[in-house]
Structures are given as structure tokens and as C-alpha cells.
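What follows is each chain in one-letter form.
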Amino acid sequence: MNHQSLQGLQQFKNYVGIKFQLYNSLFTSLPFHRIEKTGILLSLLLNNCEEGYKKKKSPAQIIDDFFQRYTAIVNDREKIDLLFRFVQYVERQVVLFDALEDAAFKEVNDVTGAGTLKHLESEVLQRGSEEKLAEKLKDFSVRLVLTAHPTQFYPGTVLGIINDLSRAVIENNSAHINMYLQQLGKTPFFKQNKPTPYDEAISLIWYLENVFYNAAGRIVSFLEEQFPNVIQDNNPVVTMGFWPGGDRDGNPNVNSDITLKVADALRTSIIKCYYQDVRRLRRRLTFKGVESILAELEVKLYNNLFIPGNKTDLAKQEILDALNKIREILIYQHNSLFLSMLERLINKVHVFGLHFASLDIRQDSSVHTSVLEAIAEKENILPKDYEDLNEQQKIDILTNITSQANPDVYDDPLIKDTHLSIHAIKTIQQYNGEIGCNRYIISHSNSALNVIEVYGLFLLNGWKKENLTVDIVPLFETIDDLKQAPEIMKVLYDNKDYRAHLKRRGNTQTIMVGFSDGTKDGGYLMANWSIYKAKENLTKISKEYGVDVIFFDGRGGPPARGGGKTHKFYASMGKKISNKEIQLTIQGQTVSSNFGNIDAAQYNIEQLINAGLSSELFARQEILLTPEDEEVLNELANEGLKAYQELKQHPDFLPYLTHISPLKFYSETNIGSRPAKRGSSSKFSLNDLRAIPFVGAWSQLKQNVPGFYGVGTALQALDKRGKFAQVKKLYQASTYFKTLMDNCEMAMKKNFFPLTAFLSDSPQYGEIWNMIYQEYELTLKYVFLLTDKNELMSDYPVEQLSIQMRERIVLPLTTIQQYAMAQIRDIDEGKAKNDLKESLQRLVVRCSFGIINAGRNSV
């Protein structure tokens, strides 16, 4: 363990560990029924859980034993009431821990160390790479795309309390801490109704206003100050994307009205931020020739915010012209007084324009196919036999459309809304600027036709080829789709109409790859390796056609969904994979855990910028994979796939996940507007099941199957072939492979098999439980052999301790949840009375909140 890690660990113990014990005692003053007794009993339950699992007891035995030993309660309903009180108490403990970690961020992390812009600056100056940096920054940027995927269990009110509590902890204001903890006790955690897509958008706009606006502004200003003139006005280093209100894939609640409403909210929000900054500037810039310009700008911003009908009365360039005029006056007439304050605002306007974040539109490819078939049937634009034509015939027709479809002739709301969504893009571009909404993403892209279908739909809705200011983005997710992706893009690049469209878009093609569905489909190793190889092959084919390819990664929070040490993946890509830009989704928990405050957001964005720049500016030998390395990774991926498919094809795989994990309760948590599965069938099928509840269910079960399964078998297979020395050499030399294994360790660290060990001899589930447990043990053995360590995550001691503390806090919740689910199974099998089933189901759902929130990147 290096000095920096040791220092960070000690700071974590001081600022988080000790303070948690200290402030935890304040919980006895929370406004709960019999709170003092609840706190004492909860500590007894925790002790009972730890002792019980050592003795191989089941959750049901542990809970029953607790009630017998420490309470006089015999009534089942009273027992459930006490368990609910425990859940409430633990939920608040998790919030306290989150707030303490947020408050300690700058103490625990080296905010000027490796991976930061300060570190990049010293390395650039040391190597004399200023010119290379300026060249790279002409078109390099990081785009963070905020999504509304349902992985955030905290309602907005609780997120606000965490923010205020963190600030009170930093200020060491015990009176405020006590007050906020009491507020926390009174604030409900459970959402009675599902949020609408607009509600989700407003929740995330809070982060744009309060975190990203300032963090991105700081980053761009730092680069401008340290390396003057390297940032291009038309290419700010940080940009934001946005999915709530635009992502309609499998979400019937998103429509064109919502899309327009969200776009307007984004525009209003950024103007509000500018308005507040201008008012602050007016307090400082009280000089002759400056005050009147600022006052006029303030009035324009005010009118746009508060006077109806003024939306078109403002443009980004107009704001910049006014600010640049003031800048000139400050420099030449007022000794550059408060110039840095003004320039920070100018930088923010370059980054955020009038759009704040680019609103992406996303829809499933099957919807576009259905819409075109409906047009062929209803209107005289496409041939009546369109559905029966082959792919090339359809492509020829769709690239030569001259007529316009009529949305009003369709009764099906999905077909009508697909047309109206394309019209909405034009409206948004008019008010928010082109960048406000200029991407259309196609889920389940498995042919060139899927892309041309969207191109044709734009033509059918009044867009002209020469004025089509929208990038069409295919999304490749499954293992098969990723393998076919290069051939699909080749067909598109060979199409003269699509090629002409790309030329008008600067010869740039954005391609999205999905980690979540890839892992669900092919397991951890194969999903990650397939994406790596797909990117490599797509870069190669794009270069052959003179196209700059940009990869947009659909990543979630946990390693199983492309999360974990994300910046290290980008730093390890090498020159065979395009890194013109880094684009990735930031989802649910990851927004609040990695970007929850300005310091954390700045640090994590800097890590991504540094990763993207340093991999090219300072090309290091270990980044490049040799053909022998690739062969080893390919073998590992194939062996991992075989093991994962064997598990997935086990007849009890889905029944086990459905009945032993809280999967079927996921949609009742009311955390997102999107359904937990695609399609309307009441039955669960693996294909329809979305990746988030799939990964989240395993996470709550404390068996992170998508994050490790198949890794042990793969390593063992290569060991038996006498290739383990090669694997070990690869681990020591390749940042990519080491990061892959680091993330696997993170997933494994959050496993706790004693929770479900009672199933090991179950007639129904014993076989599949033992398959999973044996793979875990095998993976553990080979991870230790590979890393020469004897504990997981030993290279990351702060995160290791954080996970240990969090897992201990929620151990009573995972136990209560499994206890409740065992009771429900008994009721369903006729072994117990039905009168408590509804309460037990609510208990399962409530436990999910604390368990997932404590994991921070669990789903």
C-alpha cells in the first residue's frame, strides 16, 4: 500500500468512521416512535445476524431467535411493525454515512494528485507537450449524459438533506447536524406514486444547476488559465447530455409533449443560472461603460425567464457578445479588475449555451419498423408491399423519399408520437440551438436498415437531406450485435446517401455500445471483451472510409453494467480505439455518489479528461495489447461465456432469481417512470427483463453474478492449458485487463453467501445455489493467485473499508428482506396464513431502499 493510500485510509477513518459512530448516537433523538428502544434493539439484531451467520443459521432462524431472546413480542403484526422501525432507522444511518463520505471527499481524495488536471498540467509542462495538448483539445471532449434509469432510491427531498447535512459536517455545526437528522426522521423515503418522466427530468436538472454548472465552469476556467487559447470556442472540453424526456425506449410515458416540456425546462434552468451570475457580477462591475451593458443583459435574461412570449428574444451569441464587450472594457479601461470572475461566466456560456444539456431521443428499432409499415398501409408514400421487400430494396426507397407523411391519420399513439417526436427536434433546435437536440439513438440496432429507417422517417417528416442537423446513432448491445456492428457500418458507409449525410455532419459517426445488456447476454468477461473488440474493429473500418467515429458508452453504476473504475478503462484503450471524445451515461446512483457535490464532480470529470488526453499525449507501452495478449483475452472470454450460458440455461435460473431475490417487487419501488421489463406480458422472461432490475436483484441477493460469474472457470481453464503464467504477465502489464479484474473484485466484495446458505441443501434451489457459490469460491482462489494478494480490493483500501462499513450497516436489512420473502413463499405454498402477505411485501420493498442506497453503485 503506497503512502497516498495509507494517508487516505487514515483520513477516511477519522472523517467518516469515527464521525459515524459519534453522530450515530444523535439518532436516539430522531422523531420516531420509541426511537431509543429501536436503536438498542437494532444493535442487538445486528449482533445476532453476525453471530447467527457464523453458526450457519438462516435469516428466518436469526429473526425468530432475535424475537425470542430480546423481546416479549409474540404477535406477528407487532413483529413486522418493529422490523419496519428497524428499516426506517437503518435508512437514516445510510443517509448519514453518505453525507459523511461526501463531506470528507477533499480530505480522503488527493484532488491535485494522479488523474487530476493539476497532475496533467505538470506532466504536459515536464514533457514539453503544450503543442500536442492544443492539437488534441481542438476536438476532444468529455460528454456526461444524465439518464433517468431507475437506480436512484432517494427522493429529491432526501438528496437535499444529504447535501445540507454534508455542508453542516464540513462546517462542524453540531446544531445544524442535529436539526437535519431530525428533519430526516420526519421525511418519508418511500414514493407513493411513480415519478413522471418530467419529474425525473426536474430531479436531474437540480444536479445540472447545483453541481455540473459550477464543476464544468471550474474545469474549463482552469484549462484556460493554465494553457491560454487551447480551448476552442466551438468545442468546450466538457459537455452534458440528457435522457429524461427524450428516452422513449420501452417507456410509454414519454411523448413529444414531455420532450418539448423538458427541453423548455433545460433552457429556463440555464438562463436562470446566467441570470444569478449576472446579478453577482453587477455587484462587482460597477464601472463606467460596463454597468449599462450588464443591466441590459440582466433585463433580457429576466424577460426570458418571467415574461411569456420572450423565448426567441435571446441567443447564445447575444449573451457572449455582451460579455466579451465588457471583457474588452475591463482589460483596456479598468486594469482587468474582476476579469477572472467575468471569464468564468463566459466559459460557462460556451459550455452550456441555451440548452444546458443536449436532449437525446432514443427509441427501439422495432418501433420504427412498425411505423414505416403503417405508413405503407395507410398512405400512398411507400409501396403497399413494403413489408415484403428485402433490406436493400427498403434502403433504396427510404433514401429517396420526397413526400411527407401526415401524423394526424394515425390512431395508434406510438406511431403518431414517433412522427411528432421528429417534429419536436426541429422546435427544440429553434429555441435551444442545434446542440439542444441533435441525436437520435436506435436501441437494438442489428442491421443497416435500422439506421436508414430513422433517416427515412426524418425525410417523411419534412426534413430535407441537406438540412438534416441530426446525428443518427445505432446502439449495439448484445454479443451478436457487437460482432455484426463493423459489417453493419460498412453497409452504411457504402451507401451514397448516408455517406453524404455524414459528410454534412463533419464526417463524424457516433456509435453507442451498451454494457448492461451485453453483460446480461454474455456474462462479464465476454461483454467487456466484445465491446473492446467491436470498438477496435469499428475504429478500423471507419478510418478506411475517412470517418471519425465517436463511441458513446451506455454504462451503469456497478462493474456488471460498465461502472466501477471507468476512467481507468478509458486510459487503457490504446491507439487502435478512437478516443476523439469520451461519452458515457451517468445513471441514478452514480449521479449522486460520484457527482453529488461540486468537488466530487470536478474530481471525477477531471479523471475522465485526464484519461482521454494522457492515453494519446503520453502513449505508454502497457496500453497496447499484443496478438498473444488478445488471444489470451479471447480464450478467457469464450470460457467465461460458456460457464455463464450454462448457468443461464439452468431450468431453475429464472425461478431462483424471481423467488429468492426481490426481482418481482422491483416495479413497486416507484423509483422510475420506466417499467421493469419490456413488453406487456405478466410473465418474466430473460429477454424482456431490463438489465437494471436484473443486476439490482442479484445485488440485493448479495450474489453479484453478472459481475464475476465465469471468471474463475475461465482462469482455471487457461491454468489447465498451462497458460496461467501468460495470464499473470498480462495482468501485470495491461491496464485494461487489470482494471477488468479490479472491477470484478469490487463486485465480489459486495457478495455475502451466508445470507442464502440455507438454500444449499434445498431440493429446488440447492443445485443452482451451489453452482453460483462454487464459481465464487473458484474465482476468489484464482483472483488471489493472479494478484498475489489475500484479500479483495487491497489496492483500494478506502473503498474496501467503505464497502465493509456499508455492508455491515445494512446486514439487518438484507436479513429482514430474506426473512420476509421466506414468509411470503410459505404463504404461497399454503404453509402459512395469508393475512400478513401484503405487509410482508411492503417490507421487502422498503428493505430494497436501504440495501441499494448503501451499495452506492449496486445497480
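Everything below is about the structure printed above this text.
Residues numbered from 1 in each chain as written. Predicted model: local features only at pLDDT ≥ 70, side-chain atom pairs only at ≥ 80, totals over all residues. Heavy atoms only, no water.

Participant: I would appreciate a short explanation of the overall build of the protein in the present structure.
Facilitator: A tally of helices and strands in the protein yields 36 helices and 9 strands. Taken over 859 residues, the protein has a buried fraction of 62%. Sequence separation of at least 24 residues holds for 81% of the intrachain contacts in the protein that already meet a minimum separation of 6. Roughly 33500 Å² of accessible area belongs to the protein as shown, and the carbon and sulfur atoms make up 48% of that amount. Each charge class in the protein was averaged separately, 99 positive and 103 negative side chains, and the resulting centres sit 4 Å apart. (Helix = DSSP H or I, 4+ residues; strand = E, 2+ residues; numbered from the N terminus. Buried < 20%, exposed > 50% of the residue type's maximum accessible area, 1.4 Å probe, protein only. Contact = heavy atoms within 4.5 Å. Areas by Shrake-Rupley, 256 points an atom, 1.4 Å probe, with all protein chains shown as cover. Lys, Arg positive; Asp, Glu negative; His and termini not counted. Charge placed at Lys NZ, Arg CZ, Asp CG, Glu CD.)

Participant: What's the story with the packing of aromatic side chains in this structure? I'm lost.
Facilitator: Each aromatic ring pair is characterised by the separation of its centres together with the angle its planes make. Overall, the coordinates contain 36 aromatic pairs when judged by the stated rule. Summarising the aromatic geometry, the rings of Y440 and F458 are spaced 5.8 Å apart at their centres and angled 85° between planes, so their arrangement reads as edge-to-face. Of this pair, Y440 sits in strand β5 (residues 439-443) while F458 is found in helix α18 (residues 448-460), placing the two residues 18 residues apart along the sequence. Given a relative accessible area of 0%, F458 falls into the buried group. Pairwise contacts between aromatic rings join F708, Y709, F753, W769, Y773 and Y776 into one cluster. Over the ring of Y198 we find K261, and its NZ or CZ is 4.1 Å from the ring centre. (Phe/Tyr/Trp six-rings, centres within 6.5 Å; stacked < 30°, edge-to-face > 60°. Lys NZ or Arg CZ within 6 Å of the ring centre and 35° of its normal.)

Participant: Just checking my understanding: could you explain the packing of helix α31 (residues 724-733) against helix α33 (residues 766-787) for this structure?
Facilitator: For any two helices packed against each other, one specifies the crossing angle of their axes together with the interaxial distance. Viewed as axis vectors pointing N to C, α31 and α33 meet at an angle of 65°, and their least axial separation amounts to 9 Å. Between α31 and α33, the angle falls in the class roughly perpendicular. In terms of crossing hand, the pair formed by α31 and α33 is right-handed. Along its contact with α31, which presents F724, V727, K728 and Y731, the element α33 presents Y782, L785, L786 and T787. Class assignment of the residues belonging to the contact of α31 with α33 gives a composition of 6 nonpolar, 1 polar and 1 charged. (Axes fitted to C-alpha atoms, helices over the stretch in contact; angles between N-to-C directions. Parallel < 35°, antiparallel > 145°, perpendicular 65-115°, else oblique. Left-handed = near helix turned anticlockwise from the far one by under 90°. Nonpolar A, V, L, I, M, F, W, Y, C, P; charged D, E, K, R; others polar.)

Participant: Just checking my understanding: could you explain a negative patch on the surface for this structure?
Facilitator: A cluster of acidic side chains, namely E377, D385, E387 and D388, defines a negative patch on the protein surface. Take E387: it is sitting in the loop between α15 (365-378) and α16 (391-398). Look at E387 and you get exposed, because its relative accessible area is 52%. (Patch = residues over 30% accessible without salt bridge, like charges linked within 9 Å, V, L, I, M, F, W, Y side chains within 5 Å. Salt bridge = Lys/Arg side-chain N within 4 Å of Asp/Glu carboxyl O.)

Participant: Explain the pattern of salt bridges to me, please; I cannot follow it from the model alone.
Facilitator: Side chains that differ in charge, positive against negative, can pair when their charged atoms come close. In total, this model carries 48 salt bridges according to the counting rule given. One salt bridge connects E298 with R279, and the closest N-O pair in it is separated by 2.9 Å. A residue pair is termed long-range when its members are at least 10 positions apart, and E298 in helix α12 (residues 291-306) and R279 in helix α11 (residues 256-284) qualify at 19 residues. E434 is the salt-bridge partner of R505, the closest N and O atoms lying 3.1 Å from each other. One end of the pair, R505, is in the loop between α20 (496-504) and β7 (508-514); the other, E434, is in the loop between α17 (413-432) and β5, with 71 residues separating them in the sequence.

Participant: Sorry, what's going on with the pairing of strand β9 (residues 581-587) here?
Facilitator: Two faces belong to every sheet, and in a regular strand the side chains alternate between them. Taking burial as the measure, the 7 residues of β9 include 7 buried ones, the bulk of the element. Burial along β9 is two-sided: the residues E581, Q583, T585 and Q587 and I582, L584 and I586 are all buried. The sheet contact formed by strand β1 (residues 141-147) and β9 spans 7 bridges and is parallel. For L146, the partnering residue across the bridge sits in β9 and is I586. Pairing analysis gives 2 bridges linking strand β8 (residues 548-554) to β9, with the strands arranged parallel. When the bridges of β9 are listed, D553 appears paired with L584. (Pairing = 2+ DSSP bridges.)

Participant: Explain the nonpolar core to me, please; I cannot follow it from the model alone.
Facilitator: By size, the foremost hydrophobic cluster in this structure holds 269 residues, and its most contacted members are L144, L208, F242, I609, Y656, F737 and I772. Setting aside anything within four residues of it in sequence, one finds L144 in contact with F212, T239, M240, G241, L584, I586, F595, I605 and L608. With 7 residues, the next largest nonpolar core counts V145, W243, I441 and F552 among its residues. (Core = buried A, V, L, I, M, F, W, Y, C linked by side-chain atoms within 4.5 Å.)

Participant: When you look at the packing of helix α21 (residues 515-522) against helix α22 (residues 524-544) in this model, what are you seeing that I'm missing?
Facilitator: Contact pair α21 / α22: the axes reach a minimum separation of 7 Å and the direction vectors enclose 130°. Between α21 and α22, the angle falls in the class oblique. For the pair α21 and α22, the crossing hand works out as right-handed. Together, F515, G518, T519 and G522 of α21 and Y524, M526, A527, N528 and I531 of α22 make up the contact between the two elements.

Participant: Teacher, can you tell me more about the pairing of strand β2 (residues 238-242) here?
Facilitator: Burial runs high along β2: 5 of the 5 residues are buried. Here β2 shows a buried face lined by V238, M240 and F242 and a second buried face lined by T239 and G241. Inspection of the sheet shows β1 paired to β2 by 5 bridges, in the parallel sense. Counterpart to V142 in the pairing with β2 is V238. Note that β2 and strand β3 (residues 358-359) share 2 bridges and pair parallel.

Participant: What am I meant to see in the sheet that holds β9 here?
Facilitator: Strand order in the open sheet formed by 9 strands is β3-β2-β1-β9-β8-β7-β6-β5-β4, with parallel pairing between adjacent strands. Where the open sheet ends on each side, the last strands, each with one partner, are β3 and β4 (361-364). With 7 bridges joining them, β7 and β8 adopt parallel strand pairing. The partner of T510 across the bridge, within β8, is I550.

Participant: Help me understand a nonpolar patch on the surface in this model?
Facilitator: Taken together, the side chains of Y302, F306 and I307 define a hydrophobic patch exposed on the protein surface, amounting to about 290 Å² of accessible area. Mapped onto the elements, Y302 comes out in helix α12.

Participant: I keep staring at unusual backbone geometry and nothing clicks. Help me out?
Facilitator: Most peptide bonds adopt trans geometry, and most residues besides glycine take a negative phi value. The residue D788 is not glycine, and still its phi comes out positive at about 60°. Position of D788 relative to the elements: it lies in the loop between α33 and α34 (797-809). For M793, which is not a glycine, the phi torsion comes out positive at approximately 60°. For M793, a relative accessible area of 3% gives the class buried.

Participant: I'm lost on helix α10 (residues 197-226) in this one. Help?
Facilitator: Residues spaced three or four apart along an α-helix point in a common direction, a consequence of the helix completing one turn every 3.6 residues. The first and last C-alpha atoms of α10 sit 41 Å apart over 30 residues, in line with the 44 Å expected at 1.5 Å per residue. At F212, α10 shows its maximal bend, which comes to roughly 40°. (Expected span 1.5 Å × (residues − 1). Bend = angle between axes of the 7 residues up to and from the residue.)

Participant: Would you mind showing me how to read the environment of W463 here?
Facilitator: Inspection of the secondary structure puts W463 in the loop between α18 and β6 (471-476). Assessed through its relative accessible area of 4%, W463 is described here as buried. The spacing of W463 and I422 is 41 residues in sequence and 8.9 Å in space, taken between C-alpha atoms. When sequence neighbours within four positions are dropped, the list of residues in contact with W463 reads I422, I425, K426, Q429, F458, L468, T469 and V470. A distance of 3.3 Å separates the side chain of W463 from the backbone oxygen of I422, its partner in a polar contact. (Polar contact = N/O pair within 3.5 Å; in protein donor to acceptor, adjacent residues only side chain to side chain.)

Participant: Would you take a moment to explain the environment of E379 for this structure?
Facilitator: Note that E379 resides in the loop between α15 and α16. Residues E379 and N406 lie 27 residues apart in sequence; the distance between their C-alpha atoms is 8.3 Å. In this view, E379 contacts K384, Q404, A405, N406, V409 and Y410; residues no more than four positions away in its chain are not counted.

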